[in-house]
Amino acid sequence: MTVAVYPGSFDPITNGHLDIATRAARLFDKVTIGVYDIPARNLMFNTHDRVELVTQSIAGLPNVEVKPFTGLVVDFARQMGARAIVRGLRAATDFENEFEMAMMNKRLAADCDVVCLMANLKYAFLSASLIREVARLGGDITDLVPAPVAAALKKRNAAGA
Ligand code: ADP
């Protein structure tokens, strides 16, 4: 069985992330989305909420699951029995970071490979930080995030208004 992990902060999950997870689910028997469990200080959603939003967003993908994780991605991959780490590449700037991280991960775990999928053209400009910003300013982001995320952002911004 081929297993992959797809790690990230997913604050919150966007249609760009979901597109990568959907395509990875066609390439691997099982994909575990790893939600990086970091203090909520610089995040909009805490770990519990980010995991919950991913859970609701992947309802139609039977071979995709979600788990929070801390520490090294390669350790998380090992725990999940994964030999592949999936990442999404949007632009040249993503490449530099991903390349550096992939080199380090290879050094830490020689038996694990990073598989980068090119962003869908529709979502190539999309980042979770841009979504948070546009939603906060009252812009319409409904076509860019899964429905549960749009609802959560609306609720969060109404509470903060
Ligand atoms: P972000 O970079 O948006 O804060 P994450 O840290 O959660 O997101 O990213 C997890 C992975 O998903 C990274 O490999 C990132 O490059 C990728 N990713 C983020 N947004 C997109 C998108 N719109 N299309 C494809 N991949 C993406």
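Here is a short report on the structure shown in this document. Keep in mind that what you see is a predicted model, and the values were worked out from it rather than measured. (Residues numbered from 1 in each chain as written. Predicted model: local features only at pLDDT ≥ 70, side-chain atom pairs only at ≥ 80, totals over all residues. Heavy atoms only, no water.)

### Observations regarding the packing of helix H2 (residues 47–57) against helix H6 (residues 147–160)
Our working definition: Lines fitted to C-alpha atoms define the axes here, with helix axes fitted over just the stretch in contact, and angles between the N-to-C directions of these axes take values from 0 to 180 degrees. Starting at the N terminus, helices and strands are each numbered in turn, a helix being any DSSP run of H or I of at least four residues and a strand any DSSP run of E of at least two. Here, residues are in contact when the closest pair of their heavy atoms is within 4.5 Å. Lys, Arg, Asp and Glu make up the charged group, whereas Ala, Val, Leu, Ile, Met, Phe, Trp, Tyr, Cys and Pro make up the nonpolar group; the residues left over, Gly among them, are polar.
It is at 9 Å that the axes of H2 and H6 come closest, and there the two elements cross at 145 degrees. Here Asp49, Leu53, Gln56 and Ser57 of H2 come into contact with H6, specifically with Pro148, Val149, Ala152 and Arg156. Looking at side-chain class alone, the contact of H2 with H6 contains four nonpolar, two polar and two charged residues.

### Here we look at the layout of surface pockets
Cut-off, in case you're wondering: Every definition here rests on a 1 Å grid over the protein atoms only: cavities are sets of points where a 1.4 Å probe fits but cannot get out, pockets are open sets enclosed by protein on both sides within 12 Å along at least five of seven lines, and lining residues have some atom within 4 Å of a point. Grid points are joined across faces, edges and corners, and a volume is the space filled by probe spheres set on the points.
Taken as a whole, the largest pocket holds about 890 Å³ of empty space. Lining the largest pocket we find 41 residues, and of these Pro7, Gly8, Ser9, Arg87 and Glu98 sit closest to its centre. For the lining of the largest pocket, the leading source of residues is helix H4 (residues 92–108), giving eight residues. Counted by class, the lining of the largest pocket contains 21 nonpolar, 13 polar and seven charged residues. The space that makes up the second largest pocket amounts to roughly 150 Å³. Considering the residues around the second largest pocket, the lining is formed by Phe45, Asp49, Glu52, Leu53, Ala152, Lys155 and Arg156. Listed by contribution, the elements that provide at least two residues to the lining of the second largest pocket are H2 and H6. Partitioning the lining of the second largest pocket into residue classes produces three nonpolar, no polar and four charged.

### Focus: the packing of aromatic side chains
So the rule is basically this: Only rings of Phe, Tyr and Trp enter the pairing, Trp through its six-membered ring, and a pair is recorded when the two centres are within 6.5 Å. The plane angle decides the type: under 30 degrees is stacked, over 60 is edge-to-face, the rest tilted. Only protein chains enter the accessibility calculation, which uses a 1.4 Å probe; a residue whose area is less than 20% of its type maximum is buried, one above 50% is exposed, and one in between is partly exposed.
One pass over the full model with this rule turns up four aromatic pairs. On the basis of an interplanar angle of 15 degrees and a centroid distance of 4.5 Å, the ring pair of Phe69 and Phe76 is categorised as stacked. Taking relative accessible area as the criterion, Phe76 reaches 2% and is therefore assigned buried. Taken together, the ring pairs in this structure connect Tyr36, Phe69 and Phe76 into an aromatic cluster.

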